[in-house]
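# Secondary and tertiary structure notes
Chain by chain, the residues run as shown.
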Amino acid sequence: MKKKPFAWQHNPGFGTFTWAVMAFLYIPLAVLFVYSFNANRQVTVWSHFSFKWFAVVAQDANIRLCAYNSIIVAVAATAISVAIAIPAALALERGPGFKGRALSVGLITMPLVVPEIVTAIATLIFFSTIGMANGLLNLIIAHTVFCIPFALLPIQARLQALGGGFEDAARDLYGTEWRIFRRITVPLLMPGIISGAVLAFVISLDDFLISFMVSSSGSTTLPVYVYGMMRLGVTPEVNAISTILLVASAALAALAFVFTRPPGSEAPAKTTN
Amino acid sequence: MSDSKPSPCIEIHAVDKIFGSEASGYRALDNVSLTIKDKEFFTLLGPSGCGKTTLLRMLAGFETPTRGDIYLHGRNVVELPPRARRVNMVFQNYALFPHLTVAQNIAFGLEMLDWKKPQIGERVAKMLSLVRLEEFSARKPAQLSGGQQQRVALARALAPQPEVLLLDEPLSALDLKLRKEMQSELKRLQRETGITFILVTHDQEEALAMSDRLAVMSGGRVLQAGTPEEIYSRPASRFVADFIGEANIIPGEALGRSGTLAIRPEHITLGAGTPARLRGAVREITFLGADTLFEIAVPHGTEILKIRARLRGRAPDVEVDGHVWLHWPDEVEWGVDG
Ligand SMILES: Nc1ncnc2c1ncn2[C@@H]1O[C@H](COP(=O)(O)OP(=O)(O)O)[C@@H](O)[C@H]1O
Ligand SMILES: [Mg+2]
């Protein structure tokens, strides 16, 4: 009798195991999500459905300030990291091969593997050594640094997938490098830019450790503030903020997914003239 | 240049291209010299990897020669970037801009040349009708068939009125029927526009059918350049003879002479009775519709020469294993190198 090749999915218990993992991942999220709509001040005791805590959160001046900080930092870090990632990706993918290309890629993507606590402490020491304590600006710089690889990777992947053929065709059709960049490269790169930007934004918005080290009293971000609130125990407000963060991140991820469907089904932004 | 003829469209003079370092790099082009006349349909023919694309990209301005010069209407262009040459290219995979419509694709080169809007509109309309794609102007390339994409690529490259149009294996992605259609379409476009076309192909039938003149390339070198008739009837080497059609290679000693000669299968006649040049045994007879193909084994010393003869019309009265005499007139044979 011929033996069938080993297939994981036909192993007894595989299904159960999968469901167990899913449960561990998602039940806590689901509980948090559901209880953020709980009217009771006791977070573990359900009374009835209400948006009350969202209203409370929305009216809390501290929370609003922190949310505002988080968004400013995330928007700025995203914009700067994308602005750096695009030319970096072009240099890596389209530039002449240069010595140390592999090293450059390694150095740029290093933050992905360096333990965050190390980066956080190093960043803190760096800012205190140069004596820079400019609240939000410190945060923006720190966030930009770890956002760059997240912005770079999708853009670089997209450039690689596109190949240089379209740009060559545009050069053949009398385009100057700058006009080719604007009319051909950027529009074709847009799915990569959008997913790089969304990734960078979400990573910045969710960051705790580095923000915790770098932020000062006036420049606290939302996750850091939530952590502070948690020391007094889990409150309904914490649930509500977490749900807001969760929904915002998921919505952005969905947006990125829509914009980065494989080529063919794509509708990149139209060029203007 | 003693005569008063205008300078040729393109003059390629002793061009070498070495990828990598001079010492250890890959020599993709080796002392290539060619002259291409104005309004000519010129073809670069050769097997894959022989350097055709490299030479074409050099004419477009994407590669610079390691040595040698290229003149476009008398002007040395080797240092000029693509946008400074009135040369346009139809890329092998078309490279149509996927985010632009057909009309925007065709207009792209004109916009880059800073044509005025009304002139661009006029020219695009003219190009669309030239390639018969008027109804498709608002479509995106992904919504077109392969043949239609090809025509858009042609219109886009012809729109800026280049001095030379370069076509890199433009028909290889199309199926046979469409390929035949596009062959005559290309000929028509060249006649109507009066632009010099330089086509790259590895398909010898295509090259013979379409070109005014062609160059046969192999291993980075031009082996022979001439009209299809010249190259077909007088190939300069065994490689060319074999690559263009089919040739029997016969050592001279078999006929009591020196050297080596080549002869096309269709130039051989067979006879059962009268003694002629060679005698052999028929090994195989293949009926090919209009033609019949004979494979004949001719003893030559200790070897056996396999000779193919292709006869038109009714086959002579010979059978497999029967003996025949092979004959051909002097003027159809030619000498080749070893
Ligand atoms: N940029 C390059 N770097 C190194 N080798 C190359 C490059 N471009 C082409 N070659 C080599 O030069 C040879 C000729 O290539 P090409 O001109 O594309 O041939 P063809 O178009 O006749 O098939 C090939 O062996 C190819 O590998
Ligand atoms: Mg090629």
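Residues numbered from 1 in each chain as written. Chains lettered and ligands numbered in written order. Predicted model: local features only at pLDDT ≥ 70, side-chain atom pairs only at ≥ 80, totals over all residues. Heavy atoms only, no water.

Helix and strand counts for chain B stand at eight helices and 18 strands. A principal-axis box enclosing the C-alpha atoms of chain B has dimensions of 80 × 50 × 45 Å. Here chain B holds 338 residues, and the buried ones make up 49% of them. Sequence-distant contacts, at least 24 apart, represent 64% of the contacts inside chain B between residues at least 6 apart. When the accessible area of chain B is evaluated, it comes to approximately 15700 Å², of which 49% is carbon and sulfur surface. Positive and negative side-chain charges of chain B, numbering 41 and 43 respectively, have mean locations separated by a distance of 5 Å. (Helix = DSSP H or I, 4+ residues; strand = E, 2+ residues; numbered from the N terminus. Buried < 20%, exposed > 50% of the residue type's maximum accessible area, 1.4 Å probe, protein only. Contact = heavy atoms within 4.5 Å. Areas by Shrake-Rupley, 256 points an atom, 1.4 Å probe, with all protein chains shown as cover. Lys, Arg positive; Asp, Glu negative; His and termini not counted. Charge placed at Lys NZ, Arg CZ, Asp CG, Glu CD.)

All names here are of chain B. Among the nonpolar cores identified, the biggest contains 69 residues, and Ile10, Ile12, Leu44, Phe97, Leu166 and Ile198 are the most heavily contacted of them. Other than its neighbours up to four places away in sequence, Leu44 contacts Leu34, Lys52, Leu55, Leu56, Ile198, Leu199, Val200, Thr201, Ala215 and Met217. By size, the runner-up hydrophobic cluster in this structure holds 35 residues, among which are Val102, Ile120, Phe136 and Ala155. (Core = buried A, V, L, I, M, F, W, Y, C linked by side-chain atoms within 4.5 Å.)

All right, on to the sheet that holds strand S18 (residues 334-336) of chain B then. Residue and element names in this part refer to chain B. If you walk across this open sheet you meet the three strands as S11-S12-S18, and the pairing is antiparallel. Edge positions in the sheet fall to strand S11 (248-251) and S18, since each has one partner strand and no second. Averaged over all pairs of adjacent strands, the angle between their axes in this sheet comes to 40 degrees, without regard to strand direction. Relative to S18, strand S12 (residues 260-263) runs antiparallel, the two sharing three bridges. Of the residues in S18, the one forming a bridge with Thr260 is Val336. (Pairing = 2+ DSSP bridges. Axes fitted to C-alpha atoms, helices over the stretch in contact; angles between N-to-C directions.)

Attention shifts here to the pairing of strand S15 (residues 291-300) of chain B. Residues and elements named next belong to chain B. Counting buried positions along S15 yields eight of 10 residues, so the element is predominantly enclosed. Relative to S15, strand S14 (residues 278-288) runs antiparallel, the two being bridged by seven bridges. Across the sheet, Leu288 pairs through a bridge with Asp291, a residue of S15. Sheet topology note: the S15/strand S16 (residues 303-312) ladder contains 10 bridges and is antiparallel.

Let us look at the interface of chain B and chain A. The partner chain A presents 21 residues to the 27 residues of chain B that form the contact. Both sides together, the interface formed by chain B and chain A hides about 2300 Å², and carbon and sulfur atoms give 61% of it. By the criterion of area lost to chain A, the three top residues of chain B are Arg83, His99 and Met112 of chain B, representing 31% of everything that side buries. Here chain B and chain A share three salt bridges between them. A salt bridge links Asp168 of chain A to Arg57 of chain B, with the shortest nitrogen-to-oxygen separation between them at 3.5 Å. Viewed at the interface, chain A and chain B are joined by nine residue pairs in polar contact (both at pLDDT 80 or more). (Buried area = accessible area lost by both parts, 1.4 Å probe. Salt bridge = Lys/Arg side-chain N within 4 Å of Asp/Glu carboxyl O. Polar contact = N/O pair within 3.5 Å; in protein donor to acceptor, adjacent residues only side chain to side chain.)

A common way to report how large an interface is uses the accessible area buried once the components associate. Residue and element names in this part refer to chain A. You can read the domains of chain A as domain 1 (14-50) and domain 2 (60-260). Using C-alpha coordinates to define each centre, domain 1 is positioned 30 Å away from domain 2. Counting residues at the interface gives eight residues for domain 1 and 10 residues for domain 2. Counting each side, the surface lost to burial between domain 1 and domain 2 is near 770 Å², with a carbon and sulfur contribution of 68%. Our count for the domain 1 to domain 2 interface comes out at one salt bridge. Note that Glu237 and Arg41 form a salt bridge whose closest N and O atoms lie 3.0 Å from each other. Put simply, domain 1 and domain 2 have two residue pairs in polar contact (both at pLDDT 80 or more) between them. (Domains from an automatic or database assignment.)

Attention now goes to the site of ligand 1. Residues and elements named next belong to chain B. Near ligand 1 you find Phe19, Tyr26, Ala28, Pro47, Ser48, Gly49, Cys50, Gly51, Lys52, Thr53 and Thr54, and these make up its full shell. A distance of 3.3 Å separates an oxygen atom of ligand 1 from a polar side-chain atom of Tyr26. At 3.1 Å, a backbone N or O of Gly51 approaches an oxygen atom of ligand 1. Surface burial for ligand 1 is 60%, taken as the share of its 560 Å² of free accessible area covered by protein chains. Broken down by secondary-structure element, the contributors of at least two residues to the shell around ligand 1 are strand S2 (26-36) and helix H1 (52-60). Top element by residues in the shell around ligand 1 is H1. It accounts for three residues. Here the shell around ligand 1 is built from residues that sort into five nonpolar, five polar and one charged. (Near = heavy atom within 4 Å. Nonpolar A, V, L, I, M, F, W, Y, C, P; charged D, E, K, R; others polar.)

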